[in-house]
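What follows is the residue order along each chain.
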Amino acid sequence: GAGVSQTPSNKVTEKGKYVELRCDPISGHTALYWYRQSLGQGPEFLIYFQGTGAADDSGLPNDRFFAVRPEGSVSTLKIQRTERGDSAVYLCASSFSPWDEQFFGPGTRLTVL
Amino acid sequence: DQQVKQNSPSLSVQEGRISILNCDYTNSMFDYFLWYKKYPAEGPTFLISISSIKDKNEDGRFTVFLNKSAKHLSLHIVPSQPGDSAVYFCAASAQIQGAQKLVFGQGTRLTINP
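Residues numbered from 1 in each chain as written. Chains lettered and ligands numbered in written order. Predicted model: local features only at pLDDT ≥ 70, side-chain atom pairs only at ≥ 80, totals over all residues. Heavy atoms only, no water.

Q: I'd like a rundown of the overall build of chain B, residues and numbers included.
A: Broken down by element type, chain B carries one helix and eleven strands. Along the chain direction, N to C, the helices and strands of chain B fall in the order β-β-β-β-β-β-β-β-β-α-β-β. Against the compact-globule benchmark of 13 Å for 114 residues, chain B has a radius of gyration of 13 Å, which places it among compact chains. For chain B, the C-alpha atoms occupy an extent of roughly 45 × 30 × 20 Å along the three principal directions. For chain B, the share of sequence-separated contacts (at least 6 apart) that also reach a separation of at least 24 residues comes to 55%. (Helix = DSSP H or I, 4+ residues; strand = E, 2+ residues; numbered from the N terminus. Rg over C-alpha atoms; globule rule 2.2 N^0.38 Å. Contact = heavy atoms within 4.5 Å.)

Q: Give a detailed account of the overall build of chain A, specifying residues and quantitative values.
A: When helices and strands are counted, chain A shows zero helices and eleven strands. Compactness check: chain A gives a C-alpha radius of gyration of 13 Å against a globular reference of 13 Å for 113 residues, within 12% of the reference. Along the longest, intermediate and shortest principal axes, the C-alpha atoms of chain A span 35 × 25 × 25 Å. Here chain A, with 113 residues, has 48% of them falling under the buried criterion. Sequence separation of 24 or more characterises 54% of the internal contacts of chain A that already satisfy a separation of 6 or more. Put simply, chain A shows about 5,400 Å² of open surface, and 50% of that area lies on carbon and sulfur atoms. Here chain A contributes 11 positive and 12 negative side-chain charges, whose respective centroids are spaced 9 Å apart. (Buried < 20%, exposed > 50% of the residue type's maximum accessible area, 1.4 Å probe, protein only. Areas by Shrake-Rupley, 256 points an atom, 1.4 Å probe, with all protein chains shown as cover. Lys, Arg positive; Asp, Glu negative; His and termini not counted. Charge placed at Lys NZ, Arg CZ, Asp CG, Glu CD.)

Q: Any chance you could break down the state of the cysteines for me, citing the residues and the numbers?
A: Simply put, disulfide is the name for a covalent bond between the sulfur atoms of two cysteines. Residue and element names in this part refer to chain B. Within this structure, the stated rule accounts for two disulfides over all chains. Disulfide pairing places C23 opposite C90 at an S-S distance of 1.9 Å. Its torsion about the S-S bond being 60°, the disulfide of C23 and C90 is classed as right-handed. Pair noted here: C23 is in strand β3 (residues 19–25) and C90 is in strand β9 (residues 86–93), with a separation of 67 residues, a long-range link. The two residues C23 and C90 agree in class, both being buried. (Disulfide = S-S within 2.5 Å.)

Q: Give a detailed account of the interface of chain A and chain B, specifying residues and quantitative values.
A: Accessible area lost on assembly of the parts is the figure often given for the size of an interface. Each partner contributes residues to the interface: chain A has 19 residues there, and chain B has 17 residues. Taken together, both faces of the contact between chain A and chain B bury some 1,400 Å²; the carbon and sulfur share is 60%. Summed over the three residues of chain A that lose the most area to chain B, namely A:P43, A:W99 and A:F104, the buried surface amounts to 30% of that side. Inspection of the chain A/chain B interface yields zero salt bridges. Only β4 (31–37) and β5 (44–50) of chain A provide two or more residues apiece to the side of chain A that touches chain B. Tallied by class, the residues present in the side of chain A that touches chain B amount to ten nonpolar, seven polar and two charged. (Buried area = accessible area lost by both parts, 1.4 Å probe. Salt bridge = Lys/Arg side-chain N within 4 Å of Asp/Glu carboxyl O. Nonpolar A, V, L, I, M, F, W, Y, C, P; charged D, E, K, R; others polar.)

Q: Talk me through the environment of B:I96; I want residue IDs and the actual numbers.
A: Here B:I96 lies in helix α1 (residues 95–98). Sequence spacing of B:I96 and B:C23 is 73 residues, and the spatial spacing of their C-alpha atoms is 22 Å.

Q: Any details on the pairing of strand β5 (residues 45–51) of chain B? Residues and values, ideally.
A: Residues and elements named next belong to chain B. Sheet topology note: the strand β4 (residues 32–38)/β5 ladder contains six bridges and is antiparallel. Residue pairing across strands places F33 opposite I50, the latter belonging to β5. Hairpin connection, β4 to β5: the antiparallel pair is bridged by six residues, and A41 has positive phi, about 65°. (Pairing = 2+ DSSP bridges.)

Q: Which residues make up unusual backbone geometry, and what are the values?
A: Residue A:P8 is reached from A:T7 by a cis peptide bond, and omega for that bond is -10°. Summarising the element assignment, A:P8 is placed in the loop between β1 (5–7) and β2 (10–13). The omega torsion across B:V78 and B:P79 is -10°, close enough to zero to call that bond cis. Mapping B:P79 onto the fold places it in the loop between β8 (72–77) and β9. Notably, A:R81 is not glycine yet its phi reads approximately 45°, a positive angle. Among the structural elements, A:R81 can be located in the loop between β8 (75–79) and β9 (88–95).

Structure below.
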């Protein structure tokens, strides 16, 4: 497939557990973004990568959230000690360059029980 | 604080008529505005955008209007088609604050009735 893919599509976990969410961007896209969409809200920016480095992580809500993109392609969003308030759809997007259109993946629906 | 607001959670329009979706923003630094369309279980899809140096941008059935003095933008779809039924998000960014950081509104669910 040529689009942004995210795995898993659904993740159910218990409060306090650790989760990892994966994003495979479109091949050749240097910029990658993570957003979080809570019920009834629009996507909320979390972090933006240019290549391997996090160029802007101002949207990460606290230090339980961390994201990596070690080889400049696939990215993993990591959430430690999950809380019920972390339940949301986590969206990943990529773009050819920071100034280009962002293409979104289908998202991972995270449910923390 | 909601910097981008879509005050209508839903809108119902008859097929063939014009659909008008509205969006207001508060951050005067925003200089680029976008509309995204979202179907269930899919990610948002880019629809149309406008730079703050323009007041109108048209692409087929879709036109976006920007009123900077009122901090208001709107999306017009004409004629509306059943396939247009989806949730529409407006988004904004500020080059000086990081153009990549899109700020989204809450979305408006558009239903086109046959």
